[in-house]
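# Structural characterization, general
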Amino acid sequence: MPPNRSNLDLSDSDYDEEVDVDDYDGGRKHTGKTKGKELPKNRDMGLGGKDGYSWEATYTRTWDAVQEDEGGSLQNAVEDLLARGRRRRLLAPTGAIRRTIIRHLVILIDLSSSMLDRDMRPTRFDLTLQYTREFIVEWFDQNPLGQVGIIGMRGGLGEKIGDMTGNPQEILKTISDRDKLLPDGEPSLQNALEMARSSMNHLPAHSSREVLILFGSLTTCDPGNIHDTVQAAISDKVRVSVVALAAEMKICRDLCNKTGGAFGVALNEGHYRDLLFEAIPPPAQRANPSTGGSALSSNPSSDLLIMGFPTRIPESSAPSLCVCHSELKRHGYLCPRCLAKLCDVPTDCDICGLMIVSSPHLARSYHHLFPVKPYQARTTIADAAPETCGGCSLAFPVPRVTLSDGSASGVSPVGRYGCPDCQKDFCSDCDEFVHSVLHVCPGCS
Ligand SMILES: [Zn+2]
Ligand SMILES: [Zn+2]
Ligand SMILES: [Zn+2]
Ligand SMILES: [Zn+2]
């Protein structure tokens, strides 16, 4: 275990006792490149910390994990679990990090027969589809200027499931039909990677090229030498991350290490979701040693980028043809440069190639660069502390003594979380809301 893990690890001190450290350790990387990847941030961890690899489990007795209080009520136990789950996230670095806000991501989904395994319930396949849907919604919420495409790996081939688009609804539609995606045959990492790489070939230098592989199989069936593909991915600056569902494969680990991506093996359902959702914040841009990295990291050069803010055409206007689908529509957006009519923003204008964004999109992307500092869990109530939350103005909960080891897991025993800048106290709900949705501290602004 890296020593820093105990500092970062907020939630599961009882966890390591259950899992062989070496075994468990093999599942993630140590370079520290992907902060948080080492953490087994299991959602179900609060349920007694009995989680190992899901294939190790025989059956689960979730009802044993929840303890009644003296009055026979479960409410406190449930609130406790919720608070822990919330505090488990982030503690992200708050310094200035250079991040890409115009992202392009291709999700490679393993659709081989190994995805029918039931070690994750209901099956790896169904769980993957469900998590992918949640992931896409959340990803677009956090990265409104990004685009996502989906490729499946099935029958030894790469299969394009969804073209790269900036519209989450379109992507969700492509994976909504479960029967079209039924797993079959062997996966081919090489074929799928080549397909993903070629679909991102045309992208300009300022956008990121990322591949996220959800891999359930322990084999890959490739037509050629996959190491050539890895080299090609490196030279194209494609960042590959893998979430493995079965066990670590050397080629997957190598792929991630060499391209600067993150690698993780999911222990169980909750851990799978956490690993997947760690791919949502934009990766920090790292200096590339082969291209004079030291100069770049000390004084990053800034490239200016042309963007256009479109004019919105209201629903009440006369219908006209859009340039993207050639359909008659009333509403839409006008490209400020060539006045072509587009259906949706953000996008690239089909006529003149100008990048069209709306200003709210741009503003939403901005928070990754200046995140709100994590609130500190208060352990005691100061004398002059207000009675109500600084965010929602509701009264704070009455402190409970039953909350065991609360401070160790980052949960405040008095239900108060203080902003380090404005020193105001917020409730646990507001803490969650400010950091995951609002991205602005209501006390500071
Ligand atoms: Zn259109
Ligand atoms: Zn245009
Ligand atoms: Zn509140
Ligand atoms: Zn504040």
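All of these numbers come straight from a predicted model, not from anything done at the bench.

### Structural notes on the sheet that holds strand E7 (residues 307-308)
On the basis of which strands lie adjacent, the open sheet formed by 3 strands has the order E7-E14-E13 and mixed pairing. Sheet topology places E7 and strand E13 (347-348) at the edges, where each strand pairs with a single neighbour. One ladder, built from 2 bridges, connects E7 with strand E14 (residues 355-356); its direction is parallel. Its bridge partner lying in E14, Met307 is registered against Met355.

### Quick notes on the UniProt feature "zinc finger region: C4-type" (unreviewed entry) in the protein
Under the local residue numbering, the UniProt record ascribes the feature "zinc finger region: C4-type" (unreviewed entry) to residues 335-352. Taken end to end, residues 335-352 is 0% helix and 22% strand, and its two terminal C-alpha atoms sit 9 Å from one another.

### Regarding the sheet that holds strand E12 (residues 341-342)
Taken together, the 3 strands give an open sheet; going across it, the order is E8-E11-E12, and neighbouring strands pair in antiparallel fashion. Among the strands making up the open sheet, the edge pair consists of strand E8 (311-313) and E12. Judged from the 3 bridges that link them, E8 and strand E11 (residues 332-334) form a sheet pairing that is antiparallel. Opposite Thr311, over in E11, you have Leu334 as the bridge partner.

### Here we look at the nonpolar core
For soluble globular proteins, the rule of thumb is that nonpolar side chains tend to be buried together. By size, the foremost hydrophobic cluster in this structure holds 55 residues, and its most contacted members are Ile107, Leu108, Ala196, Val211, Val242 and Tyr272. Of the residues forming this core, the biggest block, 7 residues, is contributed by helix H5 (residues 124-142). Setting aside residues no more than four positions away along its own chain, Ile107 makes contact with Thr132, Val148, Ile150, Leu212 and Leu214. Among the nonpolar cores identified, the runner-up in size contains 13 residues, and Tyr375, Phe396, Cys419 and Phe426 belong to it.

### Considerations on the environment of Leu189
One can find Leu189 in helix H7 (residues 189-199). The class of Leu189 is buried, set by 27 C-beta atoms lying within 10 Å. Considering only alpha carbons, one finds Leu189 and Thr229, 40 residues apart in sequence, at a separation of 9.4 Å. Contact partners of Leu189, with chain neighbours within four places excluded, come to Thr220, Asp222 and Ile226.

### Focus on the confidence of the model for the protein
Here the protein averages 78 in pLDDT, while 73% of its residues score no lower than 70. Contacts from residues 1-50, a stretch scored under 50 in pLDDT, to residues over four places away or in other chains number 72 contacts. For the stretch residues 90-94, pLDDT sits under 50, and the model shows 7 contacts to residues farther than four places along the chain or on other chains.

### A few points about the packing of helix H8 (residues 226-235) against helix H9 (residues 250-259)
Across the interface, H8 lies against H9 with an axial gap of 9 Å and an inter-helix angle of 20 degrees. Taken together, the axes of H8 and H9 lie roughly parallel to each other. Between H8 and H9 lies a crossing of right-handed hand. Side by side, H8 and H9 meet where Ile226, Val230, Ala233 and Ile234 of the first sit next to Ile251, Asp254, Leu255, Lys258 and Thr259 of the second.

What counts and how
Residues numbered from 1 in each chain as written. Chains lettered and ligands numbered in written order. Predicted model: local features only at pLDDT ≥ 70, side-chain atom pairs only at ≥ 80, totals over all residues. Pairing = 2+ DSSP bridges. Helix = DSSP H or I, 4+ residues; strand = E, 2+ residues; numbered from the N terminus. UniProt positions renumbered as here; feature names shortened; annotations may be inferred. Core = buried A, V, L, I, M, F, W, Y, C linked by C-beta atoms within 7 Å. Buried ≥ 20, exposed ≤ 12 C-beta atoms within 10 Å, placed from the backbone. Contact = placed C-beta atoms within 7 Å. pLDDT = per-residue confidence, 0-100. Axes fitted to C-alpha atoms, helices over the stretch in contact; angles between N-to-C directions. Parallel < 35°, antiparallel > 145°, perpendicular 65-115°, else oblique. Left-handed = near helix turned anticlockwise from the far one by under 90°.

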